[in-house]
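So you can see what is in the structure, the chains are spelled out below.
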Amino acid sequence: LFLFLTSTTATMKAIFAIALLAAMIGAVSATSGVDVSQLFPASSWKCLANNGYVFGIPRCYCSSGKVDGNCAQSVANAWAGGMKYVDIYLFPCPKCGNAAGQVQTLKNYIKNNNVRFGQVWVDVEGTQYWLGDKSKNQVFMEQLCNATESIFGSSHWGIYSSPSQWNAIFGSSWSKYSNKPLWWPRYDNVPNLKTNWQNFGGWTKANIKQYHGTTTVCGMSVDLNYY
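Everything numeric here is computed off the predicted structure, so don't read it as measured data.

### Considerations on the state of the cysteines
Reasoning step 1: Counted under the stated rule, the structure contains three disulfides.
Reasoning step 2: Paired through a disulfide, Cys 47 and Cys 218 show a sulfur-sulfur distance of 2.1 Å. The sign of the S-S torsion, about -70 degrees, decides the handedness of the disulfide formed by Cys 47 and Cys 218: left-handed. Highlighted residues: Cys 47 in helix 1 (residues 42–50) and Cys 218 in the loop between strand 10 (208–217) and strand 11 (220–226), separated in sequence by 171 residues.
Reasoning step 3: Linked covalently through their sulfurs, Cys 60 and Cys 71 form a disulfide whose S-S length is 1.9 Å. Judged by the sign of its S-S torsion, about 70 degrees, the bond between Cys 60 and Cys 71 is right-handed. Within this pair, whereas Cys 60 is found in strand 4 (residues 53–61), its partner Cys 71 is found in helix 2 (residues 71–80), the two being separated by eleven residues in sequence.
Reasoning step 4: If you count the bonded cysteines of the protein chain from the N-terminus, they pair up as 1-6, 2-3, 4-5.
Reasoning step 5: No disulfide involves Cys 62; its nearest neighbouring cysteine sulfur is the one of Cys 60, lying 9.0 Å away.
Reasoning step 6: Residue class for Cys 62 comes out buried when judged on its relative accessible area of 13%.

See below:
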């Protein structure tokens, strides 16, 4: 995966190639990271950095249809704690409607709070959050992705999903976004992109693997990931 570090006031310039993670918890290699949905202090992020974690992905938009008010501080704390790469994720609210408006709201928040980040990840999971109809879900997803691409740029966003979630929400034959980077959850505790991989949505590989669900590291409630 290539991460693109940017600010809201500058053109995205830096491209960083990342290697593989070697261990799950503790002293880990230089390509391990976490995602979080809560606010943690810079000192906790520093603890992660001291234990070999190098990237963080805080939540910045919630399934309730609102910006996560902790986003700016969470991202700032991740940078201050020593993370080399910081992305953000958007958990959309299909039932709230106005997909483009949700993306624009996030963009406005980012701009107003000078949030510095790499990529935006569109979180696709939980049939209960969607519209109960695969065709309607596809339409909303298209609107959401069109807005994300228009606002953040074609090279600076990707999708988080798994076979079970993607197929249940959109149908197993829908593969419109297989050209986008994929962040793949597979809780097998194995930091390897190929282990237990299953093709879906047109994807034949993942760019990030979320290989362990909620756990505690450095006093933080996190999911564990690696590139």
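### Some thoughts on the pairing of strand 4
Reasoning step 1: Buried residues dominate strand 4, accounting for eight of its nine residues.
Reasoning step 2: With five bridges joining them, strand 3 (residues 32–36) and strand 4 adopt parallel strand pairing. In the strand pairing of strand 4, Gly 33 is matched with Phe 55.
Reasoning step 3: Handedness of the crossover joining strand 3 and strand 4 through helix 1 is recorded here as right-handed.
Reasoning step 4: Direction of pairing for strand 4 relative to strand 5 (residues 85–86): parallel, over a ladder of two bridges. Residue pairing across strands places Phe 55 opposite Tyr 85, the latter belonging to strand 5.
Reasoning step 5: When strand 4 meets strand 6 (residues 88–90), the two strands line up parallel, connected through two bridges. What sits directly across from Arg 59, in strand 6, is Tyr 89.

### Description of the pattern of salt bridges
Reasoning step 1: Summed over the entire model, instances satisfying the criterion amount to four salt bridges.
Reasoning step 2: Across the salt bridge formed by Lys 180 and Glu 149, the nearest N and O atoms sit 4.0 Å from each other. Of this pair, Lys 180 sits in the loop between helix 5 (163–170) and strand 9 (182–185) while Glu 149 sits in helix 4 (residues 134–152); the two residues are 31 residues apart in sequence, bridging distant segments of the chain.
Reasoning step 3: A relative accessible area of 8% means that Lys 180 is categorised as buried.
Reasoning step 4: Using a relative accessible area of 33% as the deciding quantity, one classes Glu 149 as partly exposed.
Reasoning step 5: Between Lys 209 and Asp 188 there is a salt bridge, with its nearest N and O atoms 2.8 Å apart. Of this pair, Lys 209 sits in strand 10 while Asp 188 sits in the loop between strand 9 and strand 10; the two residues are 21 residues apart in sequence, bridging distant segments of the chain.
Reasoning step 6: Given the relative accessible area of 0%, Lys 209 is considered buried.

### A few points about the confidence of the model for the protein chain
Reasoning step 1: Of the residues in the protein chain, 87% reach a pLDDT of 70 or more, and the chain-wide mean stands at 89.
Reasoning step 2: This model gives residues 1–30 a pLDDT under 50, and the stretch forms 91 contacts once residues within four places in sequence are excluded.

### Brief notes about helix 3 (residues 99–112)
Reasoning step 1: For helix 3, which comprises 14 residues, the first-to-last C-alpha distance of 20 Å matches the rise-based estimate of 20 Å (1.5 Å per residue) to within 8%.
Reasoning step 2: Buried residues along helix 3 sit in contact with strand 4, helix 2, strand 6 and helix 4.
Reasoning step 3: Downstream of helix 3 by one or two residues, Asn 114 has phi in the positive range, about 50 degrees.

### A few points about the nonpolar core
Nonpolar side chains in soluble globular proteins generally cluster together in the buried interior.
Reasoning step 1: Counting 55 residues, the largest nonpolar core has Trp 45, Val 124, Met 141 and Trp 166 as its most contacted members.
Reasoning step 2: When residues of this core are assigned to their parent elements, the largest contribution, six residues, is made by helix 4.
Reasoning step 3: Sequence-distant contacts of Met 141, that is, excluding residues within four places in its chain, are made with Val 122, Val 124, Trp 130, Ile 159, Trp 166, Phe 170, Trp 174 and Tyr 177.
Reasoning step 4: The next biggest cluster of nonpolar side chains, apart from the first, holds eleven residues, and it includes Phe 55, Ile 57, Tyr 85 and Ile 208.

Reading the values: rules and limits
Residues numbered from 1 in each chain as written. Predicted model: local features only at pLDDT ≥ 70, side-chain atom pairs only at ≥ 80, totals over all residues. Heavy atoms only, no water. Disulfide = S-S within 2.5 Å. Helix = DSSP H or I, 4+ residues; strand = E, 2+ residues; numbered from the N terminus. Buried < 20%, exposed > 50% of the residue type's maximum accessible area, 1.4 Å probe, protein only. Pairing = 2+ DSSP bridges. Right-handed = clockwise from strand over helix to strand, strands pointing away. Salt bridge = Lys/Arg side-chain N within 4 Å of Asp/Glu carboxyl O. pLDDT = per-residue confidence, 0-100. Contact = heavy atoms within 4.5 Å. Expected span 1.5 Å × (residues − 1). Core = buried A, V, L, I, M, F, W, Y, C linked by side-chain atoms within 4.5 Å.

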